[in-house]
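Inside the fold
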Amino acid sequence: MSLKERDKKHLWHPLTQHKLHPETIAITKAKGCELIDENGNKYIDAIASWYTCMYGHCNDYITDCVTAQMKTLDQVVFSGFTHEPAIKLSEELIKILPKNQNKIFFSDNGSTSVEVGIKMALQFHFNQGKKKDTLIAFEDGFHGDTFGSMSVSGLSVYNGPFEDFFLKVKRIPTPNGSNHNDILELLKTIVKTENVAGFVYEPLVQGAAAMKMHDANALNEILRFLSTHGVITIADEVMTGFGKTGTFFASDQIHTKPNIMCLSKALTAGLAPMGITTCSQAIYDAFYSDDISKGFFHGHTYSANPLACTAALAGIELLQSEEIQNNINRITASHKRFNKRIKDHPKIKATRQTGIIYALDLNIEMERYGNLRDELFKFFMERGVFLRPLGNTIYIQAPYVITDEQLQKVYKTIEEVLEAF
Ligand SMILES: Cc1ncc(COP(=O)(O)O)c(C=O)c1O
């Protein structure tokens, strides 16, 4: 029996209505930018498996480092114990993070990195005897699937069963170039009428909102206003972190730095799950006390797993290498050329790019298709390109090691869509 048939017996996949989408594709091997399925079909992974494997799948350098670590120290409790991979990772990460970040807290995925950030902000105020019960978030944000991160996500249309249990959140529009005065007025009202603890935001690019991009200056004004009103700012860089926006972090392009940052995905180069929440010394200091209950009582069994830390260290080293930095510039320039070529096509409504993240919205009648996303996905996969459109948006977020030839194939397949649909 094939893997995809065996899969059906016991497996329950994420974000899937199995009755409507019973089929899966069984991947047996991955190398560089390529995925290979059980029938030997090859696909260019043009979204780096949800923005994780930015240095390529099964990168030899990363797997060698992790293999060596695996034979030395595999796992140990991180409460009361420590180890070199975590210490070294904290040192290397601090070197590339915005200067105000000084402490590193481990968890094990993107959602938990946000959950931790929210809990830090709430307890920061609580420890100082202030009851602050409201969070601010962008309308179209996505921050994950745990309760805190679901609460701040504006997007999740399938969160209905849980909404009654959410944290209190006030939503603001994302800056679109002409509305930031309105947003500031709205914020003035919110900070006056609510006890605001924190603001959670995806800086520059909102991933799940179909790569919606916003302006750094307007975001800076929002952050500046909130910071002067005692609101803890929490940058969710789970998607944008580690080079994708053209700088190590999207927050590097915004003058006002966040108090807290959430990291995951490319953090471990796609090799192991890990989340990290970083914060400024001032946040940490609010927990540092003779009173045990002021400590941060949050922990996961696999916090700071040495193998995940080692993968992260190898990834950070590669990110800073000349080769990867040149690749980032090469891909950024290549997307710009592609954009010039296609942006005026009648089937394209809009295009946008930040760093190596490129997105286009199709100008086609959705009604003509049962489910446009599914049709597009099938079209791409049949042509050996793994792209995962969001509604009528096609986006590319390929590994930094994608070759020019592979990039051209991705572009060509997108151009074929413009003819076929
Ligand atoms: C910006 C952002 N935050 C949080 C998450 C949640 O991360 P995870 O799926 O690892 O829980 C995602 C996932 O796509 C994301 O894009």
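Here goes a summary of the coordinates provided. Remember, it's a predicted structure, so these values are computed and weren't measured experimentally. (Residues numbered from 1 in each chain as written. Predicted model: local features only at pLDDT ≥ 70, side-chain atom pairs only at ≥ 80, totals over all residues. Heavy atoms only, no water.)

1. What to know about the pairing of strand S13 (residues 348-354)
Bridge count for S13 against strand S14 (residues 357-362) is six bridges, and the pairing is antiparallel. Note that in S14 the partner of threonine 354 across the bridge is isoleucine 357. Turn length for the S13-S14 hairpin, with the two strands adjacent in sequence and antiparallel, is two residues, and the turn residue glycine 355 shows positive phi of about 60°. (Pairing = 2+ DSSP bridges. Helix = DSSP H or I, 4+ residues; strand = E, 2+ residues; numbered from the N terminus.)

2. Notes on the nonpolar core
For soluble globular proteins, the rule of thumb is that nonpolar side chains tend to be buried together. If you look at the biggest cluster of nonpolar residues, it comprises 101 residues, and the most contacted ones within it are Tyr55, Phe199, Phe242 and Leu387. With 10 residues, the single largest contributor to this core is helix H10 (residues 306-319). If near-sequence neighbours (up to four positions away) are discounted, phenylalanine 199 is found in contact with Ile136, Ala137, Phe138, Ile172, Ile222, Leu223, Leu226, Val231, Ile232, Thr233 and Ile234. In terms of nonpolar packing, the next biggest core, distinct from the first, is built from 22 residues, Ile118, Val169, Ala197 and Ile283 among them. (Core = buried A, V, L, I, M, F, W, Y, C linked by side-chain atoms within 4.5 Å. Buried < 20%, exposed > 50% of the residue type's maximum accessible area, 1.4 Å probe, protein only. Contact = heavy atoms within 4.5 Å.)

3. Considering the packing of aromatic side chains
Counted by the stated rule, this structure contains 16 aromatic pairs. With 5.7 Å between their ring centres and 65° between their planes, phenylalanine 338 and tyrosine 358 make a pair best called edge-to-face. Residue phenylalanine 338 is found in helix H11 (residues 322-342), and its partner tyrosine 358 is found in strand S14; the two are separated by 20 residues along the sequence. Centroid distance phenylalanine 338 to tyrosine 411: 4.1 Å. Interplanar angle 10°. Geometry classified as stacked. With a gap of 73 residues between them, phenylalanine 338 in helix H11 and tyrosine 411 in helix H13 (residues 404-420) connect regions that are remote in the sequence. Across this residue pair, the class does not change: phenylalanine 338 and tyrosine 411 are buried. Three or more aromatic residues link up through ring pairs in this structure, and these residues are Phe105, Phe287 and Phe296. A cation over a ring is seen here: lysine 103 above tyrosine 284, with NZ or CZ 4.2 Å from the ring centre. One residue, arginine 383, lies across the ring of phenylalanine 379, its end atom 3.5 Å from the ring centre. (Phe/Tyr/Trp six-rings, centres within 6.5 Å; stacked < 30°, edge-to-face > 60°. Lys NZ or Arg CZ within 6 Å of the ring centre and 35° of its normal.)

4. What about the site of the ligand?
Contacts to the ligand come from Asn109, Gly110, Ser111, Phe142, His143, Gly144, Glu202, Asp236, Val238, Met239 and Lys265. Lysine 265 places a polar side-chain atom, nitrogen or oxygen, 3.0 Å from an oxygen atom of the ligand. Within the complex, the protein chains bury 80% of what would otherwise be the 390 Å² of accessible surface of the ligand. Along the lines of polarity and charge, the residues of the shell around the ligand split into three nonpolar, five polar and three charged. (Near = heavy atom within 4 Å. Polar contact = N/O pair within 3.5 Å; in protein donor to acceptor, adjacent residues only side chain to side chain. Areas by Shrake-Rupley, 256 points an atom, 1.4 Å probe, with all protein chains shown as cover. Nonpolar A, V, L, I, M, F, W, Y, C, P; charged D, E, K, R; others polar.)

5. A short note on the pattern of salt bridges
Considering all chains together, one arrives at 19 salt bridges under this definition. Put simply, glutamate 185 and lysine 188 hold a salt bridge, and the shortest N to O gap is 3.2 Å. Here lysine 188 and glutamate 185 lie together in helix H7 (residues 180-193), a separation of three residues that amounts to about one turn. The class for glutamate 185 is partly exposed, based on a relative accessible area of 46%. Taking relative accessible area as the criterion, lysine 188 reaches 38% and is therefore assigned partly exposed. For glutamate 416, the salt bridge is made with arginine 383, and the minimal N-O distance between the two is 3.2 Å. Linking glutamate 416 in helix H13 with arginine 383 in the loop between helix H12 (372-382) and strand S15 (385-386), this pair joins segments that are 33 residues apart in sequence. The exposure class of glutamate 416 is partly exposed, given its relative accessible area of 27%. Arginine 383 gets classed as partly exposed once you look at its relative accessible area, which sits at 30%. (Salt bridge = Lys/Arg side-chain N within 4 Å of Asp/Glu carboxyl O.)

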